[in-house]
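Chain by chain, the residues:
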Amino acid sequence: MKYIDEYRDERLARALAAEISRQVTRSWVLMEICGGQTHTLMRYGIDELLPPQIELVHGPGCPVCVTALETIDKAIQLASRPEVTLVSYGDMLRVPGSHSDLFRVKAGGGDVRVVYSPVDALNVARANPERRVVFFAIGFETTAPANAMAAWQARREGLRNFSMLVSHVLVPPAIRLLLNSPGNRVQAFIAPGHVCTVMGYREYEALSREFRVPIVVGGFEPVDLLEAISMLVAQLEAGRAEVENQYVRSVCYEGNLPAQRIMQEVFEVCDRKWRGVGPIPQSGLKLRPEFAAHDAEQVFELADVATEEPAVCISAQVLQGLKKPVDCPAFARTCTPENPLGAPMVSAEGACAAYYQYRRHAVKA
Ligand code: SF4
């Protein structure tokens, strides 16, 4: 497969791992922010290829995992209404809410449909004018421009039966929270390449300067990640703290300016609660008042709901890199992808799902 194979080249990967072994003189803790990167690390055994001085911990970059429990419960509330069609990406259906999930609502007769893009969501609304169609719009900066376009298009068309339950989150405020945490052990970050494709990497410079922490924008293939780790180790060993870009084939300094413009036109920054992590100031996006007619929170006057997380789930620590999935007593016992107790076991980007899929043998006795 041209253009991908070279990033999965075993010889190149082993050479980079050997280079990292030559570079390293002491222990370092590195965090990959994105759940897609976590899955690559696990799938290709990159953590096992690295010298023992390098510890990789996994960050909060799984959009399904960090969508607040309150928001999941609101989506369940909406999907249970007879006049509502709730459209969502497939991953969200099995994420546990306080007492149920969207899959069960669907099984009980609720009109819950899986879509693959915001365009599909708009099409459902156009084709079903008698239904009140709500699109569950979640994700990081990566998905925000396309979701913004959906709201923009609905407003332009006067598509009154289309609204969005928005739960977008932003990466830099989460990194700031981790770095300010008293228990923080992370000394360098692999920033998420897809987010930076949209946003560029200017906004990471202030973080790197303020906390004296190296940040390298990384891609998603094994060679990308090994190269990003090598760049971070070079900085750490030399006492440097800069922002560098490994993912040059996709990311430029300014990012995608038209995508940023549509995001700014439709969304505004707000405080946001992250599942497992808690409230993070200025870490979310919500629809601007001009789009109130397409804001499900306002259209349906959704009230705050009381939530309940399973006591056994340690996803809060997992998402902040403080614990590994195998440290959870429920991992691969009472919590599995078939019967998930927490969101990180559901999502294709969840750290618990990655460990389950590639490291079942690592369950603690
Ligand atoms: S294994 Fe399950 S219960 Fe444990 S932290 Fe992960 S999602 Fe939560």
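### Side note on the pairing of strand β2 (residues 54–61)
Item 1. Of all eight residues in β2, seven are buried; the element is thus mostly enclosed.
Item 2. Pairing between strand β1 (residues 28–34) and β2: six bridges, direction parallel. Within the sheet, the bridge partner assigned to V29 lies in β2 and is E55.

### As for the domain arrangement of the protein
Note on interface size: it is often stated as the accessible area lost on association of the parts.
Item 1. Domain annotation for the protein reports domain 1 (5–62 + 171–245), domain 2 (65–169 + 255–299) and domain 3 (315–362).
Item 2. Distance between the C-alpha centres of domain 1 and domain 3: 21 Å.
Item 3. In this complex, domain 1 contributes 25 residues to the contact, which on the side of domain 3 involves 17 residues.
Item 4. Taken together, both faces of the contact between domain 1 and domain 3 bury some 1500 Å²; the carbon and sulfur share is 57%.

### Side note on the nonpolar core
Generally speaking, a soluble globular protein has its nonpolar side chains buried in company with each other.
Item 1. Counting 86 residues, the largest nonpolar core has L102, F135, F162, M164, F189, Y204 and F267 as the members making the most contacts within it.
Item 2. Among the elements that make up this core, the one with the highest residue count is strand β5 (residues 132–139) (six residues).
Item 3. Ranked by size, the runner-up nonpolar core spans 23 residues in total, among them A17, W28, L30 and L50.

### Brief notes about the packing of helix α2 (residues 35–43) against helix α16 (residues 351–358)
Item 1. The geometry of α2 relative to α16 is characterised by a closest axis approach of 9 Å and an angle of 20° between their N-to-C directions. Relative to α16, α2 is oriented roughly parallel. The two elements α2 and α16 cross, and the hand of that crossing is right-handed. When α2 is examined against α16, the residues T38, H39, M42 and R43 are found in contact with a partner set consisting of A351, A353, A354, Y355, Q357 and Y358.
Item 2. For the contact of α2 with α16, a count of residues per class yields six nonpolar, three polar and one charged.

What counts and how
- Per chain, residues are indexed from 1 in the order of the written sequence.
- Thresholds applied to this predicted model are a pLDDT of at least 70 for local features of residues and 80 or more for the giving and counting of side-chain atom pairs; totals over whole chains, interfaces and linings are not thresholded and use all residues.
- The basis for every side-chain value is the complete set of heavy atoms in the structure, and neither hydrogens nor water enter the calculation.
- Here's how the labels work: a residue is buried when its accessible area is under 20% of the maximum for its type, exposed when over 50%, partly exposed in between, all with a 1.4 Å probe on protein chains only.
- Under the scheme used here, helices are H or I runs from DSSP no shorter than 4 residues and strands are E runs no shorter than 2 residues, and both carry numbers assigned from the N terminus.
- For two strands to pair, DSSP has to find at least two bridges joining them.
- Residue ranges for the domains originate in an automatic or database domain assignment.
- The criterion used for residue contact is that any of the two residues' heavy atoms lie within 4.5 Å.
- By definition, the buried area sums, over both parts, the 1.4 Å-probe accessible area that each loses when the two are put together.
- Throughout this description, the term nonpolar core refers to a set of buried Ala, Val, Leu, Ile, Met, Phe, Trp, Tyr and Cys residues connected via side-chain atoms within 4.5 Å.
- The angle between two axes is taken between their N-to-C directions and runs from 0 to 180 degrees, where each axis is a line fitted to C-alpha atoms and a helix contributes only its stretch in contact.
- Note on terminology: angles under 35 degrees are roughly parallel, angles over 145 are roughly antiparallel, angles of 65 to 115 are roughly perpendicular, and the others are oblique.
- Each crossing gets its hand from how the near helix is turned against the far one by less than a right angle, where anticlockwise is left-handed and clockwise is right-handed.
- For this classification, the nonpolar set comprises Ala, Val, Leu, Ile, Met, Phe, Trp, Tyr, Cys and Pro, the charged set comprises Asp, Glu, Lys and Arg, and every other residue, Gly included, is treated as polar.

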